[in-house]
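Architecture and fold: a report
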Amino acid sequence: MSRPLPDRRTITQLRRAYGLMRRRFGHQGWWPGETPFEVCVGAILTQNTNWTNVERAIANLKSAGALEPRRLLALPPARLAALIRPAGYFNVKARRLRAFLEVLVRDFDADLSRLLGGPRETARARLLGIHGIGPETADSMLLYAGERLVFVVDAYTRRIFARHGWCAPDADYDTVQRLCETALNHRPVAGRLDHWQDYHAQLVAVGKDYCRPRQPRCADCPLRPLLPESGRPAS
Ligand code: SF4
């Protein structure tokens, strides 16, 4: 599919942004998780909560010897919900986890590489068809567990991009994803996966500590050199 090119300024700034963030934060080594399956479980548990809470829920699953697709699916729903309680919204997330596990075990014989494999858009549509999995969760699974070339967009990404004038304040997920994938395709394929994995992690670091919803800390932020000429966020 051909994609319209972003303007030159945006491409240049997006490429420069990575160097600025990386120099400040170092390589982030994302995603935390010992196995691709743990990465997928974490991607569902991290919805609407912080990673510290997810770690506690995953530690519970490990202690119960349940961090494996068939064993996790075999847990009674109430027991699963109790184990992941630290991640919040535990009944909702237990249902979402079970929906994911049912597809993984029933349709793919618990083989994650098959669930995440095949043509990119097919794999993505497959994940999006599972109850409770939206674009950010699906793309996190594909990028970090499946090692597929897919750019993950989150609320931090959209806020940072809008404030720098790289996208419209109301740009939707797919528009921002297309922008990133078009502008950041300059590295050889061999290095692009790590670049996209780490780029998203760097944006999270900026979003968490600097580009807050109110009173962004521009003066100390590594992306300050890329602010509009006014020296203030665009939105
Ligand atoms: S410089 Fe300001 S607007 Fe830009 S990312 Fe940093 S905190 Fe956000």
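Please read all numbers here as calculations on a predicted model, not as lab measurements. Along every chain, residues carry numbers that run from 1 in the direction the sequence is written. A pLDDT threshold of at least 70 governs which residues receive local features in this predicted model, and a stricter bar of 80 or more applies before side-chain atom pairs are shown or counted, although totals over entire chains, interfaces and linings include all residues. The side-chain quantities take in all heavy atoms of the structure and omit both hydrogens and water.

Observations concerning the domain arrangement of the protein chain
The domain boundaries here were taken from an automatic or database domain assignment. Under the domain assignment used here, the protein chain contains domain 1 (8-28 + 151-226) and domain 2 (36-145). Computed over C-alpha atoms only, the centres of domain 1 and domain 2 are separated by 26 Å. We call two residues in contact whenever any of their non-hydrogen atoms come within 4.5 Å of each other. Listed as interface residues are 13 residues of domain 1 and, on the opposing side, 8 residues of domain 2. Buried surface at the junction of domain 1 and domain 2, both sides included, amounts to about 840 Å², of which 52% is carbon and sulfur. The term buried area denotes the loss of accessible surface (1.4 Å probe radius) that occurs when two parts are joined, taken as the sum for both partners.

Remarks on the site of the ligand
Each residue is tested against the molecule or strand, and it is near if at least one of its non-hydrogen atoms lies within 4 Å. Close to the ligand lie 13 residues; H164, Y210, C211, C218 and C221 are nearest. Three classes are used: nonpolar for Ala, Val, Leu, Ile, Met, Phe, Trp, Tyr, Cys and Pro, charged for Asp, Glu, Lys and Arg, and polar for all others, with Gly counted as polar. Among the residues forming the shell around the ligand, the class breakdown is 10 nonpolar, 1 polar and 2 charged.

Regarding unusual backbone geometry
Backbone phi values are negative for most residues with the exception of glycine, while trans is the configuration of most peptide bonds. Cis geometry marks the peptide bond from W30 to W31, where omega comes out at 5°. For the purposes of this entry, the term helix denotes a DSSP run of H or I that reaches at least four residues, the term strand denotes a run of E that reaches at least two, and both are numbered from the N terminus. Tracing the backbone shows W31 in the loop between α1 (8-25) and α2 (36-45). Phi at Y89 is positive, roughly 45°, even though this residue is not glycine. Within the fold, Y89 resides in the loop between α5 (77-83) and α6 (90-108). Per-residue accessibility, obtained with a 1.4 Å probe over protein chains only, is compared with the maximum for each type, and a residue is labelled buried under 20%, exposed over 50%, and partly exposed between these values. A relative accessible area of 54% means that Y89 is categorised as exposed. Backbone geometry at Q215 places phi at a positive 50°, although glycine is not the residue there.

As for the packing of helix α8 (residues 120-128) against helix α9 (residues 135-145)
Throughout, an axis means a line fitted to C-alpha atoms (over the contacting stretch in the case of helices), and angles, computed between N-to-C directions, take values from 0 to 180 degrees. Direction vectors running N to C along α8 and α9 enclose 130°, while the axes themselves pass 9 Å from each other. In this view, α8 runs oblique relative to α9, as classed from their interaxial angle. Considering how the two elements wind past one another, α8 and α9 form a crossing that is right-handed. Within the contact between the two elements, α8 uses A123, R124, L127 and L128 and α9 uses P135, A138, D139, M141 and L142. Each residue belonging to the contact of α8 with α9 can be placed in one class, and the counts come to 7 nonpolar, no polar and 2 charged. Should an angle lie under 35 degrees it is considered roughly parallel, over 145 roughly antiparallel, and from 65 to 115 roughly perpendicular; all remaining angles are considered oblique. For any pair of crossing helices, the crossing counts as left-handed if the nearer helix is rotated counterclockwise from the farther one by less than a right angle, and right-handed if it is rotated clockwise.

Topic: the environment of V152
When you line up the elements, V152 lands in the loop between α9 and α10 (155-163). A C-alpha to C-alpha distance of 14 Å links V152 and A205, two positions 53 residues apart in sequence.

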